[in-house]
Amino acid sequence: AEITAVDISKDSLHLAEAVIRDAKLANVTFLQADLQQLPFADDSFDVVIICFVIEHLEDPIAILQELKRVLKVGGKLVAMEGDHGSSFFYPDSLAGQAVIAAQVQLQTLKGGSPNRGRSLHSYFAATAFESMQVSPRFLYVDGQDEGLGYAFVTAIFVPMLEAIGPQAIAEGIITAPLFRQGIQDLYAIAATE
């Protein structure tokens, strides 16, 4: 397969290029572009995959229409989205839940929605895709699989939440002490056995 990786962020593209180079893959091309106006002709791709993109968009339907435009007739559009409003963990922590709620509120204020995973069917229906299949996937992490605990909790989920801390605190969505406690509690999930 020939893969074209698109991102609006030049920094993200550079990171991705380094990963692909380290993996010694030669079938990936990188392009900085905006999903609202892709620089491709109609019917360019057999498959289009987006991952954790729709949650950041003010108008997901417009983006899906643009993706549909570049998709060949009979092609597949695969969208993977999270649903931060359905996060559960053990040991439970009110502070941890407050950090997740702060992320949801902040992203909503910025025009996105971290709970868009539950809306995928309606977005695809509004874009008039001929056939759709939406199915939830669950990620369960506990002390049984230290690798998964590290990979998801320690390397992805909690650092993402940490990144919104300064802005969420500045916006008055959460206090600094509650945020620090929540982050500490969430990191503890990966260490729980």
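The model shown is predicted, which means the values in this text are computed figures rather than measured ones.

A few points about the pattern of salt bridges
Point 1. Evaluation of the coordinates by the stated rule reveals four salt bridges.
Point 2. One salt bridge connects Arg 69 with Asp 42, and the closest N-O pair in it is separated by 2.7 Å. In this pair, Arg 69 is assigned in helix 2 (residues 60-70) and Asp 42 in the loop between strand 2 (28-32) and strand 3 (45-51), connecting sequence segments 27 residues apart.
Point 3. Residue Arg 69 is classed as partly exposed on the basis of its relative accessible area, which comes to 24%.
Point 4. Where Asp 83 meets Arg 118, a salt bridge forms, and the shortest distance between an N and an O atom there is 2.6 Å. Taken together, the residues Asp 83 in the loop between strand 4 (71-80) and helix 3 (94-109) and Arg 118 in the loop between helix 3 and helix 4 (120-126) connect sequence positions 35 residues apart.
Point 5. By relative accessible area, which is 54% here, Arg 118 ends up exposed.
Point 6. Because the salt bridges share partners, they merge into one network encompassing Asp 42, Glu 66 and Arg 69.

A word on the side chain of Asn 115
Point 1. You can see Asn 115 is positioned in the loop between helix 3 and helix 4.
Point 2. Once you skip the residues sitting within four places of it in the chain, Asn 115 turns out to touch Gly 82, Asp 83, His 84, Gly 85 and Val 104.

Some words on the environment of Met 132
Point 1. Mapped onto the secondary structure, Met 132 falls in the loop between helix 4 and helix 5 (146-170).
Point 2. Once the C-alpha coordinates of Met 132 and Val 158 are considered, the two residues, 26 residues apart in sequence, prove to be 32 Å apart.

Focus on a nonpolar patch on the surface
Point 1. On the surface, Val 47, Ile 49, Val 78 and Met 80 cluster together into a nonpolar patch covering about 330 Å² of accessible area.
Point 2. Secondary structure elements with two or more residues in the nonpolar patch: strand 3 and strand 4.
Point 3. As for its position among the elements, Val 78 is in strand 4.

A closer look at the side chain of Glu 81
Point 1. Secondary-structure assignment places Glu 81 in the loop between strand 4 and helix 3.
Point 2. In terms of polar contacts, Glu 81 uses its side chain to reach the backbone amide nitrogen of Val 53, at 2.9 Å.
Point 3. Discounting chain neighbours no more than four positions away, the residues touching Glu 81 are Cys 51, Phe 52, Val 53, Ile 54, Glu 55, Gly 117 and Leu 120.

Description of the packing of helix 3 against helix 5
Geometry of a packed helix pair, given as the angle between the helix axes and the separation of the axes.
Point 1. Two numbers describe how helix 3 lies on helix 5: the axes approach to 9 Å, and their chain directions differ by 65 degrees. The element helix 3 and its partner helix 5 pack so that their crossing is left-handed. Of the residues in helix 5, those touching helix 3 at Val 99, Ile 100, Ala 102, Gln 103 and Leu 106 are Phe 157, Leu 161, Ile 164, Gln 167 and Ala 168.
Point 2. Considered class by class, the residues forming the contact of helix 3 with helix 5 number eight nonpolar, two polar and no charged.

Describing the nonpolar core
Point 1. Formed by 19 residues in total, the largest nonpolar core has its most connected members in Val 48, Ile 54, Leu 64, Leu 67, Leu 77 and Phe 124.
Point 2. Of all the elements, helix 2 adds the most residues to this core, at four residues.
Point 3. Here Leu 64 is in contact with Ile 50, Ile 54, Leu 77, Tyr 123, Phe 124, Thr 127 and Phe 129, once residues within four sequence places are set aside.
Point 4. Within the second largest apolar cluster, 17 residues are counted, among which are Ala 168, Ile 173, Ile 174 and Ile 189.

The rules behind the values
- Residues numbered from 1 in each chain as written.
- Predicted model: local features only at pLDDT ≥ 70, side-chain atom pairs only at ≥ 80, totals over all residues.
- Heavy atoms only, no water.
- Salt bridge = Lys/Arg side-chain N within 4 Å of Asp/Glu carboxyl O.
- Helix = DSSP H or I, 4+ residues; strand = E, 2+ residues; numbered from the N terminus.
- Buried < 20%, exposed > 50% of the residue type's maximum accessible area, 1.4 Å probe, protein only.
- Contact = heavy atoms within 4.5 Å.
- Patch = residues over 30% accessible without salt bridge, like charges linked within 9 Å, V, L, I, M, F, W, Y side chains within 5 Å.
- Areas by Shrake-Rupley, 256 points an atom, 1.4 Å probe, with all protein chains shown as cover.
- Polar contact = N/O pair within 3.5 Å; in protein donor to acceptor, adjacent residues only side chain to side chain.
- Axes fitted to C-alpha atoms, helices over the stretch in contact; angles between N-to-C directions.
- Left-handed = near helix turned anticlockwise from the far one by under 90°.
- Nonpolar A, V, L, I, M, F, W, Y, C, P; charged D, E, K, R; others polar.
- Core = buried A, V, L, I, M, F, W, Y, C linked by side-chain atoms within 4.5 Å.

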